[in-house]
Structure formats: structure tokens, C-alpha cells
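Chain residues, written in single-letter form:
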Amino acid sequence: MTVIAKVSAILGAFGADDRGLGFAELQRRTGLAKATLHRLTGEMVEARLLDRAGDGKFHLSGYLFALGMRASVERSLIEVATPFLEDLYERTHETVHLGLREGAEVVYVAKIGGHRQARAPSRLGGRMPLHATAIGKALLAFAPDPVRAEVLAAPLARLAPRTVTSALILRKQLDEAAETRVTFEAEESAVGIVCVGAPVLDPDDVAVAAISVAGPATRFRPQQHAGSVKAAAAGIAATLARRKSSG
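Here is what the cut-offs are and how they apply
Residues numbered from 1 in each chain as written. Predicted model: local features only at pLDDT ≥ 70, side-chain atom pairs only at ≥ 80, totals over all residues. Heavy atoms only, no water. Helix = DSSP H or I, 4+ residues; strand = E, 2+ residues; numbered from the N terminus. Buried < 20%, exposed > 50% of the residue type's maximum accessible area, 1.4 Å probe, protein only. Contact = heavy atoms within 4.5 Å. Areas by Shrake-Rupley, 256 points an atom, 1.4 Å probe, with all protein chains shown as cover. Lys, Arg positive; Asp, Glu negative; His and termini not counted. Charge placed at Lys NZ, Arg CZ, Asp CG, Glu CD. Core = buried A, V, L, I, M, F, W, Y, C linked by side-chain atoms within 4.5 Å. Axes fitted to C-alpha atoms, helices over the stretch in contact; angles between N-to-C directions. Parallel < 35°, antiparallel > 145°, perpendicular 65-115°, else oblique. Nonpolar A, V, L, I, M, F, W, Y, C, P; charged D, E, K, R; others polar. Expected span 1.5 Å × (residues − 1). Arc of directions from axis to C-beta.

Caption draft 1: Spatial organisation of the overall build of the protein. On a plain count of helices and strands, the protein comes out with nine helices and eight strands. Every one of the 247 residues in the protein was classed for burial, and the buried ones make up 43%. Sequence separation of 24 or more characterises 55% of the internal contacts of the protein that already satisfy a separation of 6 or more. Within the structure as shown, the protein displays about 13,000 Å² of accessible surface, and the carbon and sulfur contribution to it stands at 54%. Taking the average location of the 31 positive side-chain charges in the protein and that of its 26 negative ones, the two points are 3 Å from each other.

Here it is in C-alpha cells:
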């Protein structure tokens, strides 16, 4: 394994919910030799890629966050999408997401929620399986054919009692989404959470991102907000296209 691969493994060991990792846990997650890990973490702290707290635990650094925000595609996308996400939040007062597809997962790159936001399993920078969320289904319905085929051929993990684990049912949902350009989740990622999503499409009708609104099943009615979510996704796509053509 190259040095870069080892550094990548260390950075990738941090989960979205981690408040810091001790040396032993970091070693367990990376599988690196103790001496190698000790040397690399020391160098990464010096390079400001990691911070080490007084309790000895390692944290991803603020400098690393700043570097991530310089990623041109995500930065441009977030800048364009934010006004539309804020409008959706004002309309619904529920949790609004922006996500990108990475492999068979959705990565959450923006999240807006108020004081009464639902206890959804999504986390900024976190990941969820595509098949278990409305935002993931929106990305999957408009993903390249090989990606869709690979997800449908693999086992579909159950995250909650109502997670869709049948490839036949999921394929039907994706086919419907390809027609309507809107997706739904009914307590599939977590009990009590419902959601509506829509893809942000490029000129070739491939999803470059997706957005969603999630709320508690007790008060939120996803179907009532499908038009707003779909319109916001189309607005983001149109703005991105104008920026690209003028740039």
C-alpha cells in the first residue's frame, strides 16, 4: 500500500458521527501497523490534516474542511443550490438535503433543518445506500445504466422494517421515477421518517445531484410537496447549465 493510500485510509476511517478517534480505534479501522500509524498521524497533524485533542483523540482538521470546500464541482453546486434549498425549507419547515452519488451510496453535501427537524439518519458528509432513501432513488433512477444494473443485482441491505429489499419492487419504483422525475421514501431509511426527492439533471438526463425534503410520518405529507421539490431541482439544473454555458 502506498503512502497516499495509507493516508487516505486514515482519513476515510472517520465516520460522520465520530467525535474523535483514539489511536487504538484508528488502528482497528485502518488495519495499519502501529509504528506506521504513529508516524503517519504525527505527520498528518504537522500537515494540518488532523488535529489531536487534549484527550489524545484525533479529529479531522478545519484545514481539511477548507480544502474540501475548494472542490470546484461541489462548491459551485452548493452555491447554486442553496437559495433553492432555503426556499424549500421556508415552504415546508422540514429537513432539506442536497446529495451526490458516489458508487452505490448518496453522500450528503448540504442539509438545512430547523429546531423541529426530524431525527433522520442523514448527516452532513454522511452516506446512505441509494435504494433506501428518496434522494438516493432519484440519483439511481437517472444514473448510467451500468450503475443501476449493479445496484439491482446486488443484495439490498435492510435499514428499517420497510426498506425495499426486492430488486423487482425497486426496479418498478425507478421506472416510475424516470417518468415522473420524483421519488418517495416511506420509513425505509428509519422508522417514522418519510421523504420526497427529485434529481438535478444535466442536459443528457443524467443526475449530477439530487435534493429531498424529509419529515416525520406523523405530520409530513411528501406527495403534497412533490411539485415544489421537482421545481427546485429543475431550477438548480437550469442555473448550473446557464453558468456552464456562460463560463
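On we go.
Caption draft 2: How the structure looks around the nonpolar core. Counting 29 residues, the largest nonpolar core has Leu98, Val200, Ile211 and Ile236 as its most contacted members. Only helix 5 (72-92), strand 3 (95-102), strand 4 (105-112), strand 7 (193-201), strand 8 (207-216) and helix 9 (226-246) provide two or more residues apiece to this core. Of all hydrophobic cores here, the second largest spans 22 residues; its members include Leu130, Ile135, Ala141 and Val147.

Caption draft 3: How the structure looks around the packing of helix 1 (residues 3-12) against helix 3 (residues 34-46). At a minimum axis separation of 11 Å, helix 1 and helix 3 run at an interaxial angle of 80°. Between helix 1 and helix 3, the angle is such that the two are roughly perpendicular. Facing helix 1, whose interface residues are Val3, Lys6, Val7, Ile10 and Leu11, helix 3 presents Thr36, Leu37, Leu40, Thr41 and Met44. In the contact of helix 1 with helix 3, the residues fall into seven nonpolar, two polar and one charged.

Caption draft 4: Geometry of helix 3. Its 13 residues place the ends of helix 3 18 Å apart at the C-alpha level, agreeing with the 18 Å of an ideal helix rising 1.5 Å per residue. All buried positions along helix 3 are accounted for by Thr36, Leu37, Leu40, Thr41 and Met44. Down the axis, helix 3 shows its buried residues gathered within 120° of arc, on one side only. Residues of helix 3 that are exposed and point more than 90 degrees away from the buried face comprise Lys34, Ala35, His38 and Glu46. Summarising the contacts, the buried residues of helix 3 are in contact with helix 1, helix 2 (23-30), strand 1 (50-52) and strand 2 (58-60). At the C-terminal side of helix 3, arginine 48 shows a positive phi close to 70°.

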